[in-house]
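Architecture at a glance
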Amino acid sequence: MMRGNDVIGILFAYVHEERVRELTENRVMASIPFGGRYRLVDFALSNLVNSGVNKVGVITEQNYQSLMDHLGSGKSWNLSRKREGLYLLPPFGADTNRTEGLVASLASIHRFLKNSKEEYVLLSNCDTVSNIDYRDVFRFHTDKNADITVIYRHGTSPDTDRNVVYTVDPEGFVRDMLIKRGSDVNCNYGFGKCIMRRQMLMDMVEDCMSRNLYDFDRDVLQRNLKDLRIFAYECTSAAYTITSFHSFFEANMALMDPKVRAQLFLPDRPVYTKVRDDMPAKYGLGSSVTNSIVADGCVIDGEVENCVIFRGVKVHKGAKLQNCVIMQDCVVGEDCRLDYVVADKNVIFDAGRKMAGYQSYPVYVGKGSRV
Amino acid sequence: MLPKQEVVAMLLAGGQGSRLGVLTKNLAKPAVPFGGKYRIIDFPLSNCVNSGIETVGVLTQYQPLELNEYIGSGQPWDLDSMDAGVHVLPPYQKSKGSDWYKGTANAITQNIPFIERYNPEYVVVLSGDHIYKMDYAKMIAFHKEKEAAVTIAVQQVPMAEASRFGILNTNEDDSIYEFDEKPKQPKNDLANMGIYVFTWEKLRKFLLADEEDPDSDNDFGKNVLPAMLNAGEKMFAYRFEGYWKDVGTIDSLWEANMDLLDPNVPLDLGDPDWRIYSRNPVMPPHYIAKGAHVQNSLIAEGCNVYGDMEFSILFAGVYVAPGAEVMSSIIMPGARIEEGAKVQYAIVAEDAVVGAGAVVGMKPEEMEDKDKWGVAVVGPKAHVAPGGCVAPQEMLDAEEGVK
């Protein structure tokens, strides 16, 4: 069984942020707002905490102020503890060059790994919205006597040309692994989560560094396919990897489906986030809201349809929003018309503004803009 | 010795709140949910923090379990600092006998050792059953300026209603010369709000004297304050203008909730400069489905609304099924309103279920006998059977079985 103090969680806060340039201009991948009140890191962290992991290191590269502000001491995730808890691992010293690849990042936290006592590490990116019980993955890992267990999903891949695709036999053994594989058909795609022994990870990272090998998928996993017992665990519940601005939009829209919400927001494995002490959302007379997700602190006097409305948004009378993602504290003025718009935090739409994108190409309005 | 605190607040949270019936059967009154995400005690606690009072004693006695759990370390209100913070103070055994809190004054007397640890100049005594936003710092400044022994917050009420309140008769300078409890013929319109600032040295003296008196009820209103007045201590009324409501009855609790939906009522919970803090539920944002109809309502996290609702308040995690109607009602955390159910002018408590097609409460205008109208209440965890009915003024208790 997975005992909390046997596993450290390592989160890569920055991985793949080049894929969503719009949203990561001023923040890291992990702090991209999602689903009305969350940041992507909330899902990665809550999965760990709900699985009993109480020591988590978060590796950052740059632009991590918003992430630090969000995480604080880790209190909201129950990670502000005397023993273990949350460790932010920003770059340290001149020899840290995390842009080279994950292996270099892991090499740069060598001391953190070495000083830990836990037997296992669980590595995870922060670009996926999911609710996975890692205790099941860990049981699978030990049952199979695996050296490394990766997590995958079966289906059409979220990204058609930058996937890791596994060939898995009925036992779960990884026969083959293809990197940056284009695939339009159903396949077993990975989403950047794996479990292994801490010592093994440290040894492999050291070996790779001395050979100038920095790519985790290629040099740690693929290079060892023949020598190690690498298994793959299938995640069957909802999971959305944010691979592009468009997939970010689609993942938000997917929350309107009660089945998706039921798989992501489980009462016994809740998704934790920073508390804001907003009042409940207020709906005015004459407002009209259908098929939408609305967070605390909103004041809705206009019309809202198929939207995700984050905390503290004001929608004034006569405004009409359809198919939008409106982030924290935006103000939509009277008689605005917005269709397929993604507004980042603190955007102000003056009265009467009209803006429209298309389902395949939602319009993005940058943080703090005034339209 | 702890660092000195100029002000210590003592919050009276021990009352049974019997007038709230099933709502307080297993719950202390200050822990009763209010306003979609709060509990009543969030208001005095947040007022303390926002007024700069960092040491608060909460005097509990009746059904303290949920209240204690809710207050916890005080972290949601920032009341978990090293040398101050919020402390739950139940009655306890002493080497020379032990006793329940006999009265409001006795509750403070029993906790003199707690107060003395902070060596305060002033002690603020608050009730745990009022909804209001008030800067106690201003009242304390007034108290200092008047060099009073006690300052009592008052609110002007219409003369016609004055006989329902404890009225303070005052001189021109707002000094108090008489207490008039629910007077038949009121001479003044200043109602006691149950918020007191005491100079600690004076209060301590009168509390100890009151304790010696075997005939005393050990109550502030009945005994201690009149004794201070008789002794010629300086007592002042501090006029408070703003929203204030005692929520000690089902009707007033319902009204105070409905006030939140009235734009003309000056109680803004969204004010960033005077936030009301609370323990936040860990739930996703709420979902309003296609075909749902929501008008003039407050909705908290985790709700799923498929039916129609107007002039209502949904607490966290409430489910309103397709075809259900919720009107002028308060639905507390985790409750379910099933398909086709009709809930009007009602309070549905935590985790209660209103079955399909059931009817709870009624509009006053639809009643033939207006005197029989009142808010209908479905108690915590109670089930209204499909097609069942809870009449106005009725209270359904979970232990009375399925209705």
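We now turn to the structure provided with this report. Computed from a predicted structure; not experimentally measured.

When helices and strands are counted, chain B shows eight helices and 31 strands. The C-alpha radius of gyration of chain B comes to 22 Å, within 12% of the 22 Å expected for a compact globule of 403 residues. Dimensions along the principal axes, computed over C-alpha positions, put chain B at roughly 65 × 50 × 45 Å. Looking at chain B as a whole, 58% of its 403 residues qualify as buried. Of the roughly 16700 Å² of accessible surface on chain B, 48% is carried by carbon and sulfur atoms.

Let's shift gears to the overall build of chain A. Broken down by element type, chain A carries 10 helices and 28 strands. In summary, chain A has a C-alpha radius of gyration of 21 Å against a globular reference of 21 Å for 371 residues, a match within 12%. Here chain A, with 371 residues, has 59% of them falling under the buried criterion. Considering only intrachain contacts with a sequence separation of at least 6, the fraction spanning at least 24 residues in chain A is 58%. Side-chain charges in chain A split into 47 positive and 47 negative, and the spacing between the mean points of these groups amounts to 4 Å.

The next subject is helix α7 (residues 220–230) of chain B. Among the residues of α7 of chain B, those classed as buried are Phe220, Asn223, Val224, Leu225, Met228 and Leu229 of chain B. Two residues or fewer past α7 of chain B, Gly232 of chain B is found with a positive phi of approximately 80°.

Turning our eyes to something else, we now look at the sheet that holds strand β24 (residues 337–339) of chain A. Residues and elements named next belong to chain A. Taken in spatial order, the five strands make up an open sheet running β15-β18-β21-β24-β27, and their pairing is parallel. A strand with exactly one partner marks an edge of an open sheet, and here the two such strands are β15 (288–290) and β27 (354–356). The mean angle between the axes of side-by-side strands here comes to 5°, regardless of whether they run parallel or antiparallel. As defined by bridge partners, β24 adjoins β27 across three bridges and the pair is classed as parallel. Each residue of the ladder has a partner; that of Leu338, found in β27, is Met355.

Residue position: Arg261 of chain A is located in helix α10 (residues 258–264). Within the structure, Arg261 of chain A has its side chain in polar contact with the backbone oxygen of Met256 of chain A (distance 3.4 Å).

It is worth spelling out the environment of Glu255 of chain B at this point. Residue and element names in this part refer to chain B. Take Glu255: it is sitting in helix α8 (residues 250–259). When the C-alpha positions of Glu255 and Pro158 are compared, they lie 18 Å apart, and in sequence the two are 97 residues distant. Of the polar contacts made by the side chain of Glu255, one reaches the side chain of Lys245; its length is 3.1 Å.

This next bit is on the nonpolar core. For soluble globular proteins, the rule of thumb is that nonpolar side chains tend to be buried together. Within the largest apolar cluster, 76 residues are counted, with the highest numbers of intra-cluster contacts made by Val56, Leu126, Met134, Tyr136, Ile195, Leu253 and Ile347 of chain B. No other element matches the five residues that α8 of chain B contributes to this core. Sequence-distant contacts of Ile195 of chain B, that is, excluding residues within four places in its chain, are made with Val125, Leu126, Tyr132, Met134, Tyr136, Met139, Thr151, Ile152 and Ala153 of chain B. Val294, Ile300 and Val313 of chain A together with Cys303 of chain B belong to the second largest nonpolar core, which has 53 residues in total.

In space, the 11 strands of this open sheet follow the order β26(A)-β23(A)-β20(A)-β17(A)-β14(A)-β16(B)-β19(B)-β22(B)-β25(B)-β28(B)-β31(B), with mixed pairing throughout. For this open sheet the edge positions go to β26 (348–349) of chain A together with β31 (395–396) of chain B, each flanked by a neighbour on one side alone. Pairing analysis gives two bridges linking strand β20 (residues 314–315) of chain A to strand β23 (residues 331–332) of chain A, with the strands arranged parallel. Within the sheet, the bridge partner assigned to Lys314 of chain A lies in β23 of chain A and is Val331 of chain A.

With that out of the way, let us pick up unusual backbone geometry. Most peptide bonds adopt trans geometry, and most residues besides glycine take a negative phi value. The residue Asn78 of chain A is not glycine, and still its phi comes out positive at about 65°. On the secondary structure map, Asn78 of chain A appears in the loop between α3 (65–71) and β5 (85–89). Positive phi, normally seen in glycine, also occurs at Glu147 of chain B, with a value near 50°. Taking relative accessible area as the criterion, Glu147 of chain B reaches 60% and is therefore assigned exposed.

Each partner contributes to the interface: chain A provides 33 residues, whereas chain B provides 37 residues. It is Asp277, Pro280 and Tyr283 of chain A in chain A that bury the most area against chain B; as a group they hold 24% of the surface buried on that side. Taken together, the connections running from chain A to chain B amount to three salt bridges. One salt bridge connects Lys37 of chain B with Asp296 of chain A, and the closest N-O pair in it is separated by 3.5 Å. Applying the counting criterion to the chain A and chain B interface returns 21 residue pairs in polar contact (both at pLDDT 80 or more). Contributing elements (two or more residues each) for the side of chain A that touches chain B: α10, β14 (281–283), β15 and β16 (292–294) of chain A. Sheet topology places β14 of chain A next to strand β16 (residues 297–299) of chain B; three bridges connect them, and they run antiparallel. Bridge pairing in β16 of chain B places Ala281 of chain A opposite Ile299 of chain B.

Take the packing of aromatic side chains next. Taken as a whole and assessed by the stated rule, the structure comprises 29 aromatic pairs over all chains. Ring centres of Phe34 of chain A and Phe248 of chain A lie 6.5 Å apart, and the angle between their planes is 70°; on these two criteria the pair is classed as edge-to-face. A residue pair is termed long-range when its members are at least 10 positions apart, and Phe34 of chain A in strand β2 (residues 33–34) and Phe248 of chain A in helix α9 (residues 245–254) qualify at 214 residues. Classification of Phe34 of chain A as buried rests on a relative accessible area of 0%. Residue classification places Phe248 of chain A among the buried residues on the basis of a relative accessible area of 0%. Ring plane angle 70° and centroid distance 5.5 Å describe the contact between Phe114 of chain B and Tyr118 of chain B, whose orientation is recorded as edge-to-face.

Turning to the side chain of Thr151 of chain B, a few remarks are in order. All names here are of chain B. One can find Thr151 in strand β8 (residues 150–156). Within the structure, Thr151 has its side chain in polar contact with the side chain of His143 (distance 2.7 Å). Beyond its immediate stretch of four places on either side in the chain, Thr151 contacts Met139, Phe142, His143, Ile195, Tyr196, Val197, Phe236 and Tyr238.

Let us look at the environment of Asp350 of chain A. All names here are of chain A. As for its position among the elements, Asp350 is in the loop between β26 and β27. Here the alpha-carbon distance between Asp350 and Arg370, two residues 20 residues apart in the chain, equals 7.4 Å. The residues touching Asp350, leaving out its near neighbours within four places in the chain, are Gly333, Cys336, Arg370 and Val371.

How each quantity is defined
Residues numbered from 1 in each chain as written. Chains lettered and ligands numbered in written order. Predicted model: local features only at pLDDT ≥ 70, side-chain atom pairs only at ≥ 80, totals over all residues. Heavy atoms only, no water. Helix = DSSP H or I, 4+ residues; strand = E, 2+ residues; numbered from the N terminus. Rg over C-alpha atoms; globule rule 2.2 N^0.38 Å. Buried < 20%, exposed > 50% of the residue type's maximum accessible area, 1.4 Å probe, protein only. Areas by Shrake-Rupley, 256 points an atom, 1.4 Å probe, with all protein chains shown as cover. Contact = heavy atoms within 4.5 Å. Lys, Arg positive; Asp, Glu negative; His and termini not counted. Charge placed at Lys NZ, Arg CZ, Asp CG, Glu CD. Pairing = 2+ DSSP bridges. Axes fitted to C-alpha atoms, helices over the stretch in contact; angles between N-to-C directions. Polar contact = N/O pair within 3.5 Å; in protein donor to acceptor, adjacent residues only side chain to side chain. Core = buried A, V, L, I, M, F, W, Y, C linked by side-chain atoms within 4.5 Å. Buried area = accessible area lost by both parts, 1.4 Å probe. Salt bridge = Lys/Arg side-chain N within 4 Å of Asp/Glu carboxyl O. Phe/Tyr/Trp six-rings, centres within 6.5 Å; stacked < 30°, edge-to-face > 60°.

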